[in-house]
Amino acid sequence: MYKTGLSFVKTGERIDEIGFGGLKLIQKPDEFCYGVDSVILADFAAKRCKKKPDIIVDLGTGTGVIPLILWHKTETSLIYGIDVQEEACEKAMRNAALNHAEDRVLFFQGDVKDEDSKWLANLRERADMVVCNPPYFKAGSAIISDQSAKAIARHEIKASLEDFMRCASCVLKDKGELFMVHRPSRIVDLCCFGRKYGLEMKAIRFVSPAKETVPNILLVHFVKGGGTEVKILPELAVHEADGTYTKELLQIYEKSDESAYDY
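Rules used in this analysis
- Residues numbered from 1 in each chain as written.
- Predicted model: local features only at pLDDT ≥ 70, side-chain atom pairs only at ≥ 80, totals over all residues.
- Heavy atoms only, no water.
- Helix = DSSP H or I, 4+ residues; strand = E, 2+ residues; numbered from the N terminus.
- Contact = heavy atoms within 4.5 Å.
- Pairing = 2+ DSSP bridges.
- Expected span 1.5 Å × (residues − 1).
- Buried < 20%, exposed > 50% of the residue type's maximum accessible area, 1.4 Å probe, protein only.
- Salt bridge = Lys/Arg side-chain N within 4 Å of Asp/Glu carboxyl O.
- Core = buried A, V, L, I, M, F, W, Y, C linked by side-chain atoms within 4.5 Å.

**Student:** Explain the environment of V230 to me, please; I cannot follow it from the model alone.
**Tutor:** Checked against the element boundaries, V230 lands in the loop between strand 9 (217-224) and strand 10 (231-232). Taking C-alpha positions, V230 is 4.2 Å from K202, a pair spaced 28 residues apart along the chain. Once residues lying within four places of it in the same chain are set aside, the contact partners of V230 are M201, K202, A203 and I204.

Dropping the structure here:
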């Protein structure tokens with residue numbers, strides 16, 4: 001479908017080397033580019049899933065970085081990425097082709113709010129795992145002047161946290177697992193929406209910018225139809241006091257030195 005090399009790249013785009021066995025990612029710098037939260041979510045899901053998943057669904061996939069990292073880190077048969085933005089899905093498909101991952105990684109344009117959509121009907125109660133890095137900022141919490149890809153990725157313009165969690169519950173099998181990354185300030189919403197849609201919180205891991213600083217990211221593991229017990233996991237620090245990556249973060253990036261970096 002796509003040729004190799006520079007013909008993958010459109011005006012304003014670039015190809016970034018992101019590691020993970022040589023993965024490359026087409027990104028547009030003036031739009032939303034992936035960050036450490038996507039990387040730690042993919043690693044969290046790959047390490048904590050109870051069994052080898054046959055089907056993984058990434059809701060709000062953007063340019064497809066999480067499915068591609070999971071393609072590298074797991075032996076999952078099929079990984080689906082869903083995003084409401086046509087341009088993001090088109091770029092994600094080019095990213096799958098660029099990395100020769102089209103046999104296991106597929107992308108579709110879809111709205112998590114549309115309960116009658118064809119893609120949702122096809123995936124209903126089929127997924128062993130759902131991953132999701134939804135917009136962090138609640139609708140109405142700020143004045144949004146545009147509908148750009150960056151704004152949609154950061155703010156609940158197209159869908160709310162509840163919409164994503166309801167959709168996750170729809171596509172998951174019984175005892176299927178949901179892995180999310182969000183802000184600690186939304187922990188009550190995560191608990192309430194999870195239980196509302198049959199997703200029981202099983203593990204929480206706080207992530208801080210550096211050691212001995214206040215956490216600003218939250219990793220959460222849910223199980224559909226799971227029991228009522230949650231574990232608080234050891235905190236993950238991204239940086240040492242001197243600004244370098246911590247040993248664990250370098251291991252997550254599969255790097256041995258400071259060549260790992262955020263976008």
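Let's pick the thread back up.
**Student:** Which parts of the structure should I look at to understand the pairing of strand 1 (residues 14-19)?
**Tutor:** Sheet faces and side chains relate simply in a regular strand, where the side chains alternate between the two faces. The sheet contact formed by strand 1 and strand 2 (residues 23-27) spans five bridges and is antiparallel. Residue pairing for strand 2: G19 is matched across the bridge by L23. Counted between consecutive antiparallel strands, the loop separating strand 1 from strand 2 contains three residues, among which F20 sits at a positive phi close to 50 degrees.

**Student:** Just checking my understanding: could you explain helix 3 (residues 86-98) for this structure?
**Tutor:** Note that an α-helix has 3.6 residues per turn; residues three or four places apart therefore point the same way. With 13 residues, helix 3 should reach 18 Å at 1.5 Å per residue; the first-to-last C-alpha distance of 18 Å fits that figure. Among the 13 residues in helix 3, 10 count as buried, and that is most of the element. Within helix 3, burial applies to A88, C89, E90, K91, A92, R94, N95, A96, A97 and L98. On the buried face of helix 3, the contacting elements are strand 1, strand 2, helix 2 (65-73), strand 4 (78-83) and strand 5 (105-109). Remark: H100 follows helix 3 within two positions and exhibits a positive phi of approximately 55 degrees.

**Student:** What's the story with the pattern of salt bridges in this structure? I'm lost.
**Tutor:** Counted under the stated rule, the structure contains 20 salt bridges. Among the salt bridges present, the one from R195 reaches E200, with a minimum N-O distance of 2.4 Å. Judged by relative accessible area, which is 54%, R195 ranks as exposed.

**Student:** Would you mind showing me how to read the nonpolar core here?
**Tutor:** Soluble, globular proteins show a tendency: their nonpolar side chains are buried together. Core analysis: the biggest nonpolar cluster contains 44 residues, and I40, L70, V131, F179 and L249 have the highest contact counts within it. At eight residues, the largest contribution of residues to this core is made by helix 1 (residues 36-48). Sequence-distant contacts of L249, that is, excluding residues within four places in its chain, are made with V36, I40, L236, A237 and V238. V57, I82, C170 and L172 belong to the second-largest nonpolar core, a separate cluster that totals 31 residues.

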